Amino acid sequence: MKVAFIGLGNMGGHMSRNLAAAGVPLAVFDTVAARADAAVAHGAVLAESAASAVAEADVVVTMLPTPAIVEDVLLGAGGVLAAMPEDRLWIDMSTSVPEVAERVRARGAARGIRVLDAPVSGMTKGADSGMLQIFVGGDAADFEAARPLFDVMGDPERVLHVGGHGAGYAVKLMINQLWFVQLVAIAEALTVGVKAGVDLGVLHRSLVASPANSVLLERDFLPLLTAGDYDEGFAIALACKDTGLAVDLARSVKVPVEVGAVAEQVFRRARAAYGDLAGEMSPVKLYEDIAGIELRMEAAA
């Protein structure tokens, strides 16, 4: 199975490297050629363009920053869809929206182009270790055909076929939505508790031991609380893009999301305050700055 991988950023660079290291015949492309170095070191071939990368591929994987870029890469002038041979499979692992993939499917159907949406969760650490969670929408037969690739990039126990076309995108956006809402709520709770005189370590342990615990509170917050790490591996500009997509999805299905919309605005405030490249957990810094404190505690021994 020959694979083309397009988009080698913070996530795609690790994912493509893992495919190459597993012996998958791989052509790669990114607008920044140096991002291909890790995959090329493990046997991948760096293509001159996205179109040339897919010319002989059985499967095309994209991992791109925004739906607009996905659409441009696939359907723009000299795009990937036109360069793909007939009867091939496109797997979009970007955090995107069903409408873009539907336009690609409509244009490619006459040539037998099949589509899976397969966004991921697990941040750059999961991409690096090959332990991503992957949510796949599309036909079951296409999912099974691509399963060996997913099992290289993700944790096989957490590679999930979640439904038909678009279901993968929807699941990922709702995971993001819940994560963003939880992050804002945790930032508020920790800041208020510390300002009320509770030791941060005691407060954190108490919340972890309570019914209000979550993986985000117990595990993912620790690098921030112990080392001031606001997770710059994922820029807040991208987090704002994701919050916006989640609210847009809710709007498209006519469901009000007041809490999600408030979380979106908090993220946008943090982006305005600290810049596009600030870490995705920078909304916590908003609360720290308002309260005049830093939420820091000693790491557990």
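Residues numbered from 1 in each chain as written. Predicted model: local features only at pLDDT ≥ 70, side-chain atom pairs only at ≥ 80, totals over all residues. Heavy atoms only, no water.

K.L.:
Help me get a handle on the overall build of the protein chain, residues and values and all.
P.N.:
Looking only at helices and strands, the protein chain has 15 helices and nine strands in total. Taken against the 2.2 N^0.38 rule, which gives 19 Å for 301 residues, the C-alpha radius of gyration of the protein chain at 20 Å falls within 12% of a compact globule. In terms of its C-alpha atoms, the protein chain occupies a principal-axis envelope of roughly 65 × 45 × 35 Å. Partitioning the intrachain contacts of the protein chain with sequence separation of at least 6 by distance along the chain shows that 68% fall at a separation of at least 24. Accessible surface for the protein chain amounts to roughly 13,400 Å². Of this, 58% is attributable to carbon and sulfur atoms. Seen as two clouds, the 24 positive and the 37 negative side-chain charges of the protein chain have centres 2 Å apart. (Helix = DSSP H or I, 4+ residues; strand = E, 2+ residues; numbered from the N terminus. Rg over C-alpha atoms; globule rule 2.2 N^0.38 Å. Contact = heavy atoms within 4.5 Å. Areas by Shrake-Rupley, 256 points an atom, 1.4 Å probe, with all protein chains shown as cover. Lys, Arg positive; Asp, Glu negative; His and termini not counted. Charge placed at Lys NZ, Arg CZ, Asp CG, Glu CD.)

K.L.:
Tell me about the pairing of strand 6 (residues 114-117), and please be specific about residues and values.
P.N.:
Pairing between strand 5 (residues 89-92) and strand 6: four bridges, direction parallel. Within strand 6, the position partnered with Asp92 by the bridge is Asp117. Handedness of the crossover is the feature at issue here: the chain leaves strand 5, passes through helix 6 (residues 98-108), returns alongside strand 6, and the resulting connection is right-handed. (Pairing = 2+ DSSP bridges. Right-handed = clockwise from strand over helix to strand, strands pointing away.)

K.L.:
A description of the packing of aromatic side chains should follow, citing residues and the corresponding values.
P.N.:
Here the structure, examined in full by the defined rule, presents three aromatic pairs. A centroid spacing of 6.1 Å and a plane angle of 25 degrees characterise the contact between Phe143 and Phe150, whose relative ring orientation is stacked. No difference in accessibility class separates Phe143 from Phe150, as the two residues are buried. When the centroid spacing of 5.9 Å and the interplanar angle of 85 degrees are considered together, the rings of Trp179 and Phe180 count as edge-to-face. Judged on exposure class, the residue Trp179 and its partner Phe180 are both buried. The structure contains a cluster of three or more aromatic residues connected by ring pairs, namely Trp179, Phe180 and Phe267. (Phe/Tyr/Trp six-rings, centres within 6.5 Å; stacked < 30°, edge-to-face > 60°. Buried < 20%, exposed > 50% of the residue type's maximum accessible area, 1.4 Å probe, protein only.)

K.L.:
Let's hear about the pairing of strand 9 (residues 154-163): which residues, and what values?
P.N.:
Note on strand geometry: in a regular strand, side chains alternate between the two faces of the sheet. Two strands pair when backbone bridges link them, and strand 8 (residues 132-137) and strand 9 are joined in this way by five bridges, in the parallel orientation. When the bridges of strand 9 are listed, Val136 appears paired with His161. Handedness of the crossover joining strand 8 and strand 9 through helix 8 (residues 140-153): right-handed.

K.L.:
Explain the nonpolar core to me, using residue names and the numbers behind them.
P.N.:
Buried together is how nonpolar side chains tend to be arranged in soluble globular proteins. One finds Phe5, Met15, Ile91, Met93, Ile134, Phe150 and Met153 to be the most contacted residues of the largest nonpolar core, which totals 32 residues. Every element with two or more residues in this core is listed here: strand 1 (3-6), helix 1 (12-21), strand 2 (26-29), strand 4 (59-62), strand 5, strand 8 and helix 8. Broken down by element, the residue count for this core peaks at five residues, all from helix 8. Not counting residues up to four positions away in its chain, the partners in contact with Phe5 are Gly12, Met15, Ser16, Leu19, Leu26, Ala27, Val28, Phe29, Val61, Met63 and Met153. With 30 residues, the next largest nonpolar core counts Ala47, Val80, Val97 and Leu249 among its residues. (Core = buried A, V, L, I, M, F, W, Y, C linked by side-chain atoms within 4.5 Å.)

K.L.:
Which residues make up unusual backbone geometry, and what values go with them?
P.N.:
Of note, Asp87 is a non-glycine position whose phi angle comes to about 60 degrees, a positive value. Phi is positive for Asp231, close to 60 degrees, though the residue is something other than glycine. Its place among the elements puts Asp231 in the loop between helix 12 (222-227) and helix 13 (236-252). Relative accessible area serves as the criterion here: at 17%, Asp231 is assigned to the buried category.

K.L.:
Which residues make up the pattern of salt bridges, and what are the values?
P.N.:
For the coordinates displayed, the defined rule picks out 17 salt bridges. Notably, a salt bridge pairs Asp248 with Arg251, separated by 2.6 Å at the nearest N-O pair. Within this pair, Asp248 and its partner Arg251 are both found in helix 13, separated by three residues, close to a single helical turn. On the basis of relative accessible area, Asp248 is assigned to the partly exposed category, the value being 39%. (Salt bridge = Lys/Arg side-chain N within 4 Å of Asp/Glu carboxyl O.)

K.L.:
So what about helix 8? Which residues, and what values?
P.N.:
Helix length check: helix 8 (14 residues) gives 19 Å between terminal C-alpha atoms against 20 Å at 1.5 Å per residue, within 8%. At Arg147, helix 8 shows its largest kink, close to 55 degrees, and the proline Pro148 lies no more than four residues downstream. Here helix 8 has its buried residues at Asp142, Phe143, Ala146, Arg147, Leu149, Phe150 and Met153. (Expected span 1.5 Å × (residues − 1). Bend = angle between axes of the 7 residues up to and from the residue.)

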